[in-house]
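Here is how the chains run, residue by residue.
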4 protein chains.
Amino acid sequence: MDKLFHIESGKEVAFHNNATYCVGTGRMGLALHKEYQEQLKMVQEEIGFSHIRGHGLFCDDMAIYQEYKDAEGNIVSEYKFTYLDRVMDDYLSLNIRPFLELGFMPEKLASGDQTVFYWKGNVTPPVSYERWAALVQETLRHLIKRYGEAEVTGWPIEVWNEPNLKGFWKDADMKEYFKLYEYTANAIKAVNKNFKVGGPAICGVDDEVWMTEFLEFVKSSQAPLDFVTRHHYTIHPPEREGHYEYARLGDPDAGLKELNTTRKIVDSFPEFQGMHIHITEFNTAYIPDSPLHDTNRNAAYIAYLLSKLGEDNESYSYWTFGDVFEERGVPYTPFHGGFGLVANGLVPKPTFWTFKFFRELQGKCVCRERELVVVQKQDKYCGVAWNLNYDNTGEILNITCELPAGDEEYCLVQKIVDEKHCNPLKVWHDLGEPANPGTAQLKLLRESAQPLVTTQRLKGSAGTVAVALELQQNAVVYFEIFEAPVSSDRGYDYNKVMNSLDISVE
Amino acid sequence: MDKLFHIESGKEVAFHNNATYCVGTGRMGLALHKEYQEQLKMVQEEIGFSHIRGHGLFCDDMAIYQEYKDAEGNIVSEYKFTYLDRVMDDYLSLNIRPFLELGFMPEKLASGDQTVFYWKGNVTPPVSYERWAALVQETLRHLIKRYGEAEVTGWPIEVWNEPNLKGFWKDADMKEYFKLYEYTANAIKAVNKNFKVGGPAICGVDDEVWMTEFLEFVKSSQAPLDFVTRHHYTIHPPEREGHYEYARLGDPDAGLKELNTTRKIVDSFPEFQGMHIHITEFNTAYIPDSPLHDTNRNAAYIAYLLSKLGEDNESYSYWTFGDVFEERGVPYTPFHGGFGLVANGLVPKPTFWTFKFFRELQGKCVCRERELVVVQKQDKYCGVAWNLNYDNTGEILNITCELPAGDEEYCLVQKIVDEKHCNPLKVWHDLGEPANPGTAQLKLLRESAQPLVTTQRLKGSAGTVAVALELQQNAVVYFEIFEAPVSSDRGYDYNKVMNSLDISVE
Amino acid sequence: MDKLFHIESGKEVAFHNNATYCVGTGRMGLALHKEYQEQLKMVQEEIGFSHIRGHGLFCDDMAIYQEYKDAEGNIVSEYKFTYLDRVMDDYLSLNIRPFLELGFMPEKLASGDQTVFYWKGNVTPPVSYERWAALVQETLRHLIKRYGEAEVTGWPIEVWNEPNLKGFWKDADMKEYFKLYEYTANAIKAVNKNFKVGGPAICGVDDEVWMTEFLEFVKSSQAPLDFVTRHHYTIHPPEREGHYEYARLGDPDAGLKELNTTRKIVDSFPEFQGMHIHITEFNTAYIPDSPLHDTNRNAAYIAYLLSKLGEDNESYSYWTFGDVFEERGVPYTPFHGGFGLVANGLVPKPTFWTFKFFRELQGKCVCRERELVVVQKQDKYCGVAWNLNYDNTGEILNITCELPAGDEEYCLVQKIVDEKHCNPLKVWHDLGEPANPGTAQLKLLRESAQPLVTTQRLKGSAGTVAVALELQQNAVVYFEIFEAPVSSDRGYDYNKVMNSLDISVE
Amino acid sequence: MDKLFHIESGKEVAFHNNATYCVGTGRMGLALHKEYQEQLKMVQEEIGFSHIRGHGLFCDDMAIYQEYKDAEGNIVSEYKFTYLDRVMDDYLSLNIRPFLELGFMPEKLASGDQTVFYWKGNVTPPVSYERWAALVQETLRHLIKRYGEAEVTGWPIEVWNEPNLKGFWKDADMKEYFKLYEYTANAIKAVNKNFKVGGPAICGVDDEVWMTEFLEFVKSSQAPLDFVTRHHYTIHPPEREGHYEYARLGDPDAGLKELNTTRKIVDSFPEFQGMHIHITEFNTAYIPDSPLHDTNRNAAYIAYLLSKLGEDNESYSYWTFGDVFEERGVPYTPFHGGFGLVANGLVPKPTFWTFKFFRELQGKCVCRERELVVVQKQDKYCGVAWNLNYDNTGEILNITCELPAGDEEYCLVQKIVDEKHCNPLKVWHDLGEPANPGTAQLKLLRESAQPLVTTQRLKGSAGTVAVALELQQNAVVYFEIFEAPVSSDRGYDYNKVMNSLDISVE
């Protein structure tokens, strides 16, 4: 397919790009792992998210909540912040801050024994709301003491995760969740009014009912609410085979429409109109063993979403940054379809680059189309293009993007991620799908997972310079173009160099 | 052009591959530089040479030789090993050892004031051969004391550099050089008989005369001689423009024939028959501002030389590993045509990869042709192919290499260096030829200077597996092929993954 | 107290020093932690143990053993080596190798639900010995495939841990353990005869009976046995208060006598006479919350043990290298009395230095006394001295050690660890016992945890040089002495420097 | 001697502490060295200076100034910023900025051949003031282009070095210097008015005359002048022996009086009253082979100066940060009396710690005496004390410092640098004064060069807490004191731990 976009000088297009505001993570206890920290370091060095959100703050492997009986037999709560501090120290050293999710229930505080995931997060309400509130408060006070009030009160707080699912909250008991929310939100504000708190952290099941009821409850109860949260996934129900689940992608626009409905519900309350909505989880598939996640296809699909999600939402947190993740157990292989931007063994997946590329899209937006976003910076134009042909039958997309220009010479830089040039999944498959690749294989996988970099000289004429991009199926391409007159050193002549390379056999 | 090579099972072909025995360097004083050490670290991590050879051990910036007058007015020699130790410590920490070149003359020992290069190496005979011999001996004794006899006596020693040129040795005085050689070689052996010493370190000017006379002299004088050394460059006389020199490549086979003549001269002496010849310098152009060095062309030309130089020579030391080099002054730009495998700013040039690829060619050689070498290792075949079409007019070379195989499935890995995929010179030109690229430009240059990695699955049939390589002009391609049956984890089906990526809009 | 030791030239004293053969560790799952790996790195860089042994190889957090039911409803075993490889890769990268302990029981293989520790290691016999044996064999085969036969068959293997305690093995059932041992040892040898296997890994409860019965069983059953293992702790039963246990040190010689009894039992079997005994765990207290471990006292006590344990045992593995350890839960503070040589936050404890110092005691032993060991190396004498006054009432120990010497000048280097100079526990207490010290406090703790280094010039006379050491209570002092004539540079005069430092006010 | 200082609550004492504003360095070309950068990195990590000043910006090893003749035979200037950018990049990466000294003269611009130092800096006026001005301007323009206007115009600029000495400026020709100054200052301002420029960079020879004449000239010529600069050294003329010079320390107060005279001269001009004076070099001895620099004595002397220099001067730049320095040639040994805070081999000298300690003295000064400075910070008091007994005969100084306090418990931390605890010069001497210490010796030297850290618990009473310091001769001691109530974890009792360490032999 061929597309032509002509960009007028001075034109500006709306684009709220907050792709790097937050990213998801496996449960907090896994943040103690070396591999986790190495993956996060790689992500931060290349992409640089501002916040990180995941489950498990209060789960027992973090060991925060403790109890003992005193001489009179009374239960006394104790708190142990050894691991919490270790994780937070590491986060801050990587210049990322938590978007705190409060949950799940410490066993000693739990009213039941229902758990979620391989790692058994307890999902029952607290046996004592007083002790739960104290746990939240003591944790926040400890963090303030260690990191300072200005720092810690800037960390957004979300109450629980997906209470609209029975798996995550006993009986998906809405009333009980509202109680939890109110108790918790008030407890937080009692520590410091500057904290921002939100909910209901729902996914797309009965979401309209839940959102409406939640806002009604907040309105009537006067519980504090600073922002609204929900999740967003875009597949049809998957089919399981052995250790894996095969999911089919859904219509991205249908998904965006659901989010718009949420936006409208929130705005329908005068009290909440325009309140920030944070998508605290999003991805294509909602399962951590969906091979789809590792494909170039996923990268192109997410590129489209990143061009759209800011329309109705303040932020949207890709679930997750890396593949140190155990919700369905420890993975068998590095390319098992995990959520991560990075595969185990420090191999960036194609979607990693989608985020790295969108990170560059700061500045004045001059073009936002179904397959292209371009922004203007002080001294250059930057753009991201993608080829998400719905039937995935291999059609190439040729984009011509005419940008305002003078008569100068320009340099066009492209970084190309497609199935041929940056496709570690295929390389891994070609290697025989090794479950535990060794050092040399991992090095090869990393080398194969880099974008192809190309440069080109262009010349402006008649007020424009034409950037021509050829996108293979599922390609995501970053480009930038800037004035680059050749200022050769005295005596240097590139053409002469290239034209005198024949071998002269006398 | 199309070429087919059919390799019989069990066949073996002669190939003495010693590409990584030694590499050249800018003068020793530059080894104190941080950029020098970083470039060397990069080279050692990726290629891993065994030895390093360059000029300047006794030049005044190394500050080894000192003198003062005692109370009676006698000259007393002193030695200062502060910088020597620093350099040798760094070399050994990078697992590289010096191939010691003795020279040039400390000013206080010099009989004249003739110098060579921007950095003014004094090239006159010693004013006192006794003090020269003492300098050599004290230096070796110091090294032995610091690093141990076993270590240091394993470092080969060469006497002076290119005495057959007036620029490097006053009047190119043959007799005086022989005197220097004899004095020095005897002084070395007096320290420790295990040292290996050689000369005459000549380049290709009057080389037949010099080599013959040198061997005659050694024979008659009984001076110690453990190996013979000479240099090898392959261009026609260049033309200067501004800061640069434009050279035309010569016939590589004509050059190899010259080396064969040297081999024959040496072998014509019964005393020296079969004695090792070390090419202690080689490259295409012999000038450090020849843009040719930075091209993909250079990489392909050197690949051919590496496939041939072992026929007559024990080793051949590429001049040089990096571009921290000042013979004609400090470079104006990173791509100034320096000798280095690495451009300033830590950008690997195409020829860097030629060496990295040849390093892998250890094992039983099964094919050595004008454009291809293949070796067999325990569990795979590795090969390097190149396309050195003499007229450089763009013809593609298609190689089919049929290797012995069973009926199994194989994985073919290719790493491709060509003008499109790994050509930092072009990227630098496209950027406008910045004299001092900043951090972001250097990062881009490094990213653009990596080989393209691709993989492919092949199937053996009828006793062979056919490796098909398409080489662009001046391409150098590394490949390896090995059995790689797909052992999928339970439930994982790559084809199913790839075939269910369409978007289903309901 | 004053002690004089006069050492005759040429004298040699028996001393089997194997202090760095092996070290203990928290459960293997904790080896995934970043803090664990950083502590181990520090230990390896400074001390350098050869092997590492701990529990938990087969516990569920390592996720090795998996099962599913096939279409016919049969149980099929699967193995997941993702985490095992990660841990082993890291161990080998730090140049340490596992001393494999086989245990505990994966839940799916367990015959009961009895567990040990906060982290719930299942301690019941396998529900199927066939599947247990297969688990052992598949694990070893996987390791051989990944790391090579030569490497992996060099890793010693021990069957289970402390089966003579009910807590570690259901009912401390001796017969069942022998069955486990026989099954397992035979399974190992079936994989590769070169593996070395041992048991019974008992601690000091009923140890004489267990050792005798075990050897009788091996003898009669012909089960493979390559070495014998047991544990060694030296405290009286402790008293608990809150989170801590206060233990009193026992007589070290009484403990050594117990070990000698084990030696005699083994030697009483002609088949096993002289067989290696590995103490696969030792320390003072056997509990991970015993403040004793953090003291200088512990360092001095362990020094004495290290001077003695080699008399009857091949090796002795200090339990443990670091404080990433969860047997009684996550620690509340860095100085909680953990087993580790290193406190959390990378602070070396006094006992760390005992091991670092003993590591130097390689060479010909010339003196081994209750408070001193001295060895002779090629060019120096090295020694370790300690002051373990039993009543801990503060008496200083003055040691004079007369060593064979010429009339030369010598340099004596001392590294002093005592309650005044290298006592991070006291510094932590003085800081107010912070539960979670911040960056600046940790830096201070690390600075305070370094030995005091002092040097001194001595002169030999009458054939000896006298080393005088003043040891504060619980001091452990390393020293070395070597010839060091002053070879001043021309014009340098140290005494003149020091004698002209007055300020002259004119 | 005993001293008591009682500090009233609320009292404030004047103290302009700018110890870390600037530090000196060997010539700029040495900044290319790896050892130089490693030393600077160490200095920046521990001390953190803001600026760095040294000679050699325009010397030929930096290779900035170039010329060629065009076709008509005219001289054309060229500029080569390859090395300058490398140095500036490294400086900025270590968070230090240049205090630019313009000099010396590129050979091609020089009017004569007089040079200074082993490395031969040309000290003659320019042959063309136009080309000199162009050189200055092109260099500044290049820096602005690379690093931005805001960054670069913040770098202070000083014209030449010590023109009042014949060695540094031909004939110490005052008139010629004023010409140079005027030309240069105007050229700088023509590039950007925001640059700050100063002079006359004189040392203490004829300084009063020079300073007065310089200011008269500036006044009359209207040449730009933003600040005044001079140097400061405090020894009597030294005596040479072999490679070394033995200097006697002068009265520090006499030196300070000279500086006060400069202050008065400046203030005597209404136009310049209160103008900043930057001491762009200071140290004890002004020679780089004065063993004094390596002593603890030097550290104590400098401590006193740092407590005083801010009285009349805006800043004072210690000459120099490290010992990569070649003014009198390459050093023979690491402890050769170089200017550096760090000895070659990365060993901090005692004076290093003086700067590190003074760096902490930010906040409200509450005490400034001849041997003590104390400041109050938000949550603690920090102080530095020193014992500079003039006759250096070994007298101990006991200081009691009574600080305002409540009844709480306090922790006192001391870091002690004295001849016993942090004296690498003595250790090096005791080792035999090795000219080229190996890795193990350097490690020992580094270990011996750390302050002794001790802590102590104190209790406030009657409104004060008394800090008692015992200072050995030439000691420099840093201390801080802060509230530190012991908050023991449940069950932890430090005294119980320490009181139950006896060995119970039953």
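Residues numbered from 1 in each chain as written. Chains lettered and ligands numbered in written order. Predicted model: local features only at pLDDT ≥ 70, side-chain atom pairs only at ≥ 80, totals over all residues. Heavy atoms only, no water.

In the nomenclature of an unreviewed UniProt entry, chain A corresponds to Beta-xylosidase from the organism Ruminiclostridium hungatei.

**Here's the deal with the overall build of chain A**
Along the backbone of chain A there are 12 helices and 28 strands. Taken over C-alpha atoms, the radius of gyration comes to 25 Å for chain A, in line with the 23 Å a tight globule of 506 residues would show. By its C-alpha atoms, chain A is 105 × 55 × 45 Å across when sized along the principal axes. Taken over 506 residues, chain A has a buried fraction of 65%. In chain A, of all internal contacts separated by at least 6 residues, the share reaching a separation of at least 24 is 75%. Carbon and sulfur atoms form 47% of the exposed surface of chain A, whose accessible area is close to 17500 Å². Separation between the mean location of the 50 positive side-chain charges and that of the 74 negative ones in chain A comes to 3 Å. (Helix = DSSP H or I, 4+ residues; strand = E, 2+ residues; numbered from the N terminus. Rg over C-alpha atoms; globule rule 2.2 N^0.38 Å. Buried < 20%, exposed > 50% of the residue type's maximum accessible area, 1.4 Å probe, protein only. Contact = heavy atoms within 4.5 Å. Areas by Shrake-Rupley, 256 points an atom, 1.4 Å probe, with all protein chains shown as cover. Lys, Arg positive; Asp, Glu negative; His and termini not counted. Charge placed at Lys NZ, Arg CZ, Asp CG, Glu CD.)

**Re the UniProt feature "active site" (unreviewed entry) in chain A**
Residues and elements named next belong to chain A. Following the UniProt record, the feature "active site" (unreviewed entry) maps to Glu 162 here. Among the structural elements, Glu 162 can be located in the loop between strand 10 (157–159) and helix 5 (174–191). If we ignore the near neighbours within four places in the chain, the residues touching Glu 162 are Phe 168, Ala 201, Ile 202, Cys 203, His 231 and Glu 281. (UniProt positions renumbered as here; feature names shortened; annotations may be inferred.)

**Some details on the packing of helix 2 (residues 82–93) of chain A against helix 3 (residues 129–147) of chain A**
All names here are of chain A. Between helix 2 and helix 3, the least distance of the axes is 12 Å, while the angle of their chain directions is 50°. Relative to helix 3, the element helix 2 is oriented oblique. Between helix 2 and helix 3 lies a crossing whose hand is right-handed. Every residue of helix 3 that contacts helix 2 at Leu 84, Asp 85, Met 88, Asp 89 and Leu 92 is listed here: Thr 139, His 142, Leu 143, Arg 146 and Tyr 147. (Axes fitted to C-alpha atoms, helices over the stretch in contact; angles between N-to-C directions. Parallel < 35°, antiparallel > 145°, perpendicular 65-115°, else oblique. Left-handed = near helix turned anticlockwise from the far one by under 90°.)

**Regarding the domain arrangement of chain A**
All names here are of chain A. The domain boundaries assigned to chain A delineate domain 1 (2–11 + 364–483) and domain 2 (22–359). Each of domain 1 and domain 2 has a C-alpha centre, and the two are 32 Å apart. Taken together, the links from domain 1 to domain 2 amount to two salt bridges. The shortest N-O distance in the salt bridge between Arg 368 and Glu 311 comes to 2.9 Å. Taken together, the connections running from domain 1 to domain 2 amount to 13 residue pairs in polar contact (both at pLDDT 80 or more). Contributions of two or more residues to the side of domain 1 that touches domain 2 are made by strand 22 (381–386), strand 24 (409–417), helix 10 (424–430), helix 11 (439–448) and strand 27 (476–483). Of the residues that constitute the side of domain 1 that touches domain 2, the class distribution is 21 nonpolar, six polar and seven charged. (Domains from an automatic or database assignment. Salt bridge = Lys/Arg side-chain N within 4 Å of Asp/Glu carboxyl O. Polar contact = N/O pair within 3.5 Å; in protein donor to acceptor, adjacent residues only side chain to side chain. Nonpolar A, V, L, I, M, F, W, Y, C, P; charged D, E, K, R; others polar.)

**Considerations on the relation of the copies chain A and chain B**
Expressed as a screw transformation, the operator carrying chain A onto chain B has a rotation angle of 180° and an axial translation of 0.0 Å, and the superposed copies differ by an RMSD of 0.0 Å. In the structure described here, the two chain copies are related by an operation that fits a two-fold rotation axis. When each C-alpha of chain A is compared by its distance to the rotation axis, Leu 452 of chain A comes out closest, at 3.9 Å. Looking at chain A, 100% of its interface residues are interface residues in chain B too, so the copies touch through the same face. (Least-squares fit on C-alpha atoms with pLDDT ≥ 70 in both.)

**Considerations on the interface of chain D and chain C**
Counting from both sides, the interface comprises 73 residues of chain D and, opposite them, 73 residues of chain C. Of the roughly 6400 Å² buried between chain D and chain C, counting both surfaces, carbon and sulfur atoms make up 57%. Counting across the interface, chain D meets chain C through 10 salt bridges. At the surface where chain D touches chain C, the tally comes to 36 residue pairs in polar contact (both at pLDDT 80 or more). Ranked by residues supplied to the side of chain D that touches chain C, first place goes to helix 10 (residues 424–430) of chain D with six residues. Of the strand pairs in this sheet, strand 15 (residues 249–250) of chain C and strand 28 (residues 503–504) of chain D are connected by two bridges, and their pairing is parallel. What sits directly across from Gly 250 of chain C, in strand 28 of chain D, is Ser 504 of chain D. (Buried area = accessible area lost by both parts, 1.4 Å probe. Pairing = 2+ DSSP bridges.)

**Concerning the pattern of salt bridges**
The tally for this structure, following the rule as stated, stands at 162 salt bridges over all chains. Across the pair Lys 426 of chain A and Asp 430 of chain A runs a salt bridge whose closest N-O atoms are separated by 2.6 Å. Of this pair, Lys 426 of chain A and Asp 430 of chain A are both found in helix 10, four residues apart, which corresponds to roughly one turn of the helix. Overall, the relative accessible area of 4% leaves Asp 430 of chain A in the buried class. Across the pair Glu 101 of chain B and Arg 53 of chain B runs a salt bridge, and its minimum N-O distance is 3.0 Å. Note that Glu 101 of chain B is positioned in strand 7 (residues 100–102) and Arg 53 of chain B in strand 3 (residues 51–54), a separation of 48 residues in sequence. Connected via shared salt-bridge partners are Glu 46, Lys 356 and Lys 415 of chain A together with Lys 443 and Glu 447 of chain B.

**Regarding the sheet that holds strand 24 of chain A**
What links the strands of a sheet is backbone hydrogen bonding, and the strands pair in either a parallel or an antiparallel sense. Residues and elements named next belong to chain A. If you walk across this open sheet you meet the six strands as 20-21-22-27-24-25, and the pairing is antiparallel. On the outer flanks of this sheet lie strand 20 (364–369) and strand 25 (452–459), each paired with one strand and no other. Shown here is a sheet whose adjacent strand axes are inclined to one another by a mean of 15°, direction ignored. Two elements, strand 24 and strand 25, share eight bridges in a ladder whose sense is antiparallel. Its bridge partner being in strand 25, Cys 411 is matched across the sheet by Arg 457. This element, helix 8 (residues 296–308), spans strand 20, strand 21 (372–376), strand 22, strand 24 and strand 27 of the sheet and lies at about 125° to strand 22.

**Looking at the packing of aromatic side chains**
The geometry of an aromatic ring pair is captured by two quantities: the separation of the ring centres and the angle between the planes. According to the stated counting rule, one finds 154 aromatic pairs over all chains in the structure shown. Consider the rings of Trp 160 of chain A and Trp 169 of chain A, whose centres lie 5.0 Å apart with planes at 65°: the pair is edge-to-face. Of the two residues, Trp 160 of chain A and Trp 169 of chain A, neither departs from the other in class, the shared state being buried. Residues Tyr 36 of chain C and Phe 321 of chain C carry aromatic rings whose centres are separated by 4.9 Å and whose planes lie at 90° to one another, so their mutual orientation is edge-to-face. In this pair, Tyr 36 of chain C sits in helix 1 (residues 34–46) while Phe 321 of chain C sits in the loop between strand 17 (315–318) and strand 18 (342–343), placing the two residues 285 residues apart along the sequence. Here the two residues Tyr 36 of chain C and Phe 321 of chain C agree in accessibility, since each one is buried. (Phe/Tyr/Trp six-rings, centres within 6.5 Å; stacked < 30°, edge-to-face > 60°.)

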